[in-house]
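# Per-entry structural report
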Amino acid sequence: MAGEDNWNDVSVFYSDKKKKYVSVSEIDKEAVPIVFAEAHKITFNKTGLGLAYTPINFLTIYHIDTRQAEVKMPSGHIDQPVIEDNRDGTVSIKYDPREEGVHELYVKYNGEHVQGSPYKFHVDSIFSGYVTAYGPGLTSGVSGEPSQFTISTKGAGAGGLSMAVEGPSKAEITCHDNKDGTVAVSYLPTAPGEYKISVRFGDKHIKGSPFIAKVTGEGRKRNQISVGSCSEVTLPGKVNDNDIRSLNASIQAPSGLEEPCFLKRLPSGNIGISFTPREAGQHIVSVKKMGVHIQNSPFNITVQEQEVGDAKKVKVAGTALKEGKTQGENTFTVDTRNAGYGGLSLSIEGPSKAEIQCADSTDGVLAISYKPTEPGYYIVNLKFADHHVEGSPFTVKVSGEGSNRQREKIQRQRDPAPLTEVGTNCKLTFKMPGITSFDLAATVTSPGGVSEDAEIQEVEDGLYSVHFVPKELGVHTVSVKYREIHIPGSPFQFTVGPLRDSGSHLVKAGGAGLERGEAGRFNEFNVWTREAGAGQLAISLEGPSKAEIDFKDRRDGSCDVSYKVDEPGEYRIGLKFNEQHIPDSPFKVYISPAVGDAHLLEVAQFPDSAQVDKPTQFYIRLNGAKGSLDGRVISPSGKTDDCFIQNIDGDQYSIRFMPRENGVHNINVKFNGVHIPASPLRIKVGKDDADPAAVHAHGPGLGSVKTGAKTDLIIDTCNAGAGILAVTMDGPSRVAMDCTEVEEGYKVRYTPLAPGFYYMSVKYNGHHIVGSPFKIEASGENLAEIGAQETSSVTVETVQKVSKGAQKQGPVLPHFKSDATKVTSKGMGLKKAYLNKHNQFTVHAGDAGNNILYVGIYGPKGPCDEVQLKHKGKNNYECWYVVRDRGEYIVIVKWGDDHIPGSPYKVEV
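The chain appears in an unreviewed UniProt entry as Filamin-A isoform X2 from Vanessa tameamea. Its UniProt record, at the heading Sequence similarities (unreviewed entry), says of the chain: "Belongs to the filamin family." Taken directly from UniProt, the Subcellular location (unreviewed entry) text for the chain runs: "Cytoplasm, Cytoskeleton".

Written as structure tokens, this is what we have:
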């Protein structure tokens, strides 16, 4: 269709009779190629009843490829516009507004919102002399791209005009007087989030001010590096290398700020601590082993003023911080020689992920270069000692040829999954084509730590579902393994009962289509949004050719996504939930050329497992295919080695390799340069018992934390085997973080410096543990300047740990929801009893929830001889008992663990 994909039209007319302006502005919140606006036809109702009673009549015409539309008025009422078929593949939507203010136009096609819907437009009726503002920059924008709006001061008289933009980043504002009573305003947000735009005339907010604009990071790519220097101090006393693993150190500044610091062997051969000094004065260093101070700890050190990192003393030079060129190196220099000790962090965000190089010259000046592949505005955040250097963040205009990468995007609304309860059938589905269900196994671990096998059913070809019946409320861990290896996405979090949290960090994605693909055919992967609640899922694909994306909702909190591209090459798949990237998004996927004859190849005698330093082999049958065969094995540590390929007999080849380490290995088998259908093949080598499903995290560091205060958490690796533990923290500031061994696993300590939300990813052998990434809110004073998202990480090679109490096995009592105070009872058997007769009473628990009824009767010579209970339905019970001896008896009636009202009863016989 013709026309621009953003619009900003204003229609103004003047009536002599009423001396009143009516202005209308339509604001498209996102770039929407299929929508544009035509000129308005405005009529004015001349009833003379004033603003409150005067209908404002005008027609606004949109051309939109849909047949469903409605308008939400400022009052919240829904109105129906008129839809007319233009008989040219488009329709016109006409609407006669009855209220002033911001309206929302909902446009749907086949029941789904079109891209950008709902669209906002403002209806205004104002007296002459008012200042108004309109334009897309008042409601939305994209970080790193200028956002524009217009201010009209026609007939407003004398007065000062002032503007301010507040938000997650500094936004440079430029104004241009159009010499017609309007001012064109542009501001450049450098980070996504909500921005507050204040427009004042004569020191008073104009109508609608402050405006709230939602700025997204759509299509932006980010890269970052960290370099820098730390102060090092020798530890008093003797510490051997074996002790370092179990020691942790922290340093407290004069202001009270306490951060973890790092133990390391210094060039002198002594053990020392390494830290970034933030203030001058006497600091206290504590070194502990298993929570107890070692000898000579704590001890004092003094930091001199010139040692404290000062971002203002950092000197940067080079035109690359103002403008740059695509497809080439753009270099600037950073001089920190006179700025004290501190870490230098650099991030570049823009239309492409710019490759960053850093070279340290002999004179101590850093030469930093970046290489973007797409033109546009880039934001360069440069920090030293967690504060922006002078001029940061820098806005760089990059010009030159782009890479002509194509982008496709779809959006789908995700409804909340049905709530599950104790005793109901719970289901988790996943698609995994080309396997047999015999090789699949699933277990479910309850919040109480009890593990049980779950049933796996094949719903249709390649689609499987895990079924289990929970016995308690809370977060369960569902492990799904194929040939004893976790499938992509496993272990899964599955909440029974109401969800405790929601958001993009709880969305999971996995499947072959996120690891590799083939041109010319649909490649599939799964997305699980059940734990994240309701929201909008956006799927984008960017690469050498346009993509066709298909989406299938399984109506249980999971969905199947498939895509097809025509050209091979490297693609990026972005998955966002409520405009926030899900964990590990965007995914980098290599699309190979069409398989051709590679689909004829078959794998035979593939082993279930292998041993370190022992040759392992399997066979490939070509089945008539002509070409060359290639095999490479990739170890858990990332090392790549060639496989030995030998022709055995005609069409049959053997592939042999020698694994050098324990863990899951991937074997890439290609035919004529293209993966065969089963590739990459996965095999477990040695005793790889590292199980991410058995790892759990707990502690104050996962809750609400304070800036400047050291906090910690425990990662329990008992019964999880030995593996690689990787902890990564993303948030508004870098954090000093360390990890030390404790009895039940590992303690992670960190100190946040800026308020806001942090996301902590905990991975074990490359898999997220249940609950990861964890959302952590930090509050308090801002001790570091906020810019782009900062990343901190620590990695530890763990040792095997076994808990003192073995893991619970076998049946477990359900966790019931009940209230014993609502149970009633009556009957003569609760007051007086007779020898050798049936003494009866009834218990009514219909309003007390579900639980187990316990009745016990104890007499002068021990327990009662005979007690019988009968359930009469709806939690109503009949009880009778027989006694053989005279005396005083105690009748105990419990609903679960709690006595019912009146219990225990005293009964005379």
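Don't stop here, the text continues.
### A word on the pattern of salt bridges
Per the stated rule, a full pass over the model turns up 22 salt bridges. Salt-bridge contacts for lysine 431 lead to glutamate 524; the nearest nitrogen and oxygen are separated by 3.1 Å. One end of the pair, lysine 431, is in strand E40 (residues 426-431); the other, glutamate 524, is in strand E49 (residues 523-528), and 93 residues separate them in sequence. Of the residues examined, glutamate 524 reaches a relative accessible area of 26% and is grouped as partly exposed. Through salt bridges that share partners, Arg414, Asp553 and Arg555 make up one connected network.

### A look at the packing of aromatic side chains
Applying the stated criterion across every chain yields a total of 8 aromatic pairs. Here tyrosine 877 and tryptophan 895 contribute two aromatic rings whose centre-to-centre distance is 6.3 Å and whose plane-to-plane angle is 65°, an arrangement assigned as edge-to-face. Pair noted here: tyrosine 877 is in strand E81 (residues 876-882) and tryptophan 895 is in strand E82 (residues 888-895), with a separation of 18 residues, a long-range link. The exposure class assigned to tyrosine 877 is buried, which follows from its relative accessible area of 13%. Over the aromatic face of phenylalanine 494 sits the side chain of arginine 530, whose NZ or CZ is 3.8 Å from the ring centroid. Against the face of phenylalanine 757 rests lysine 775, its NZ or CZ located 4.6 Å from the ring centre.

### Points about the confidence of the model for the chain
Of the residues in the chain, 83% reach a pLDDT of 70 or more, and the chain-wide mean stands at 79. Every residue in residues 806-810 scores below 50 in pLDDT, and together they form 9 contacts with partners more than four places removed in sequence or on other chains.

### A short note on the side chain of histidine 665
For histidine 665, the location among the structural elements is in strand E63 (residues 663-671). Accessibility expressed as a relative area gives 2% for histidine 665, which makes it buried. Once you skip the residues sitting within four places of it in the chain, histidine 665 turns out to touch Val633, Ile634, Ser635, Pro636, Pro659, Leu681, Arg682, Ile683 and Val685.

### Topic: the pairing of strand E59 (residues 629-634)
Only one face of E59 is buried: it carries Leu629, Gly631 and Val633, and the other face, with Asp630, Arg632 and Ile634, is open. Judged from the 6 bridges that link them, E59 and E63 form a sheet pairing that is antiparallel. Bridged to arginine 632 within E63 is asparagine 668. Sheet topology places E59 next to strand E60 (residues 640-642); 3 bridges connect them, and they run antiparallel. When the sheet's bridge partners are listed, isoleucine 634 is paired in E60 with threonine 640. The hairpin turn running from E59 into E60, its antiparallel successor, is 5 residues long, and glycine 638 in that turn takes a positive phi close to 100°.

Basis of the calculations
Residues numbered from 1 in each chain as written. Predicted model: local features only at pLDDT ≥ 70, side-chain atom pairs only at ≥ 80, totals over all residues. Heavy atoms only, no water. UniProt positions renumbered as here; feature names shortened; annotations may be inferred. Salt bridge = Lys/Arg side-chain N within 4 Å of Asp/Glu carboxyl O. Helix = DSSP H or I, 4+ residues; strand = E, 2+ residues; numbered from the N terminus. Buried < 20%, exposed > 50% of the residue type's maximum accessible area, 1.4 Å probe, protein only. Phe/Tyr/Trp six-rings, centres within 6.5 Å; stacked < 30°, edge-to-face > 60°. Lys NZ or Arg CZ within 6 Å of the ring centre and 35° of its normal. pLDDT = per-residue confidence, 0-100. Contact = heavy atoms within 4.5 Å. Pairing = 2+ DSSP bridges.

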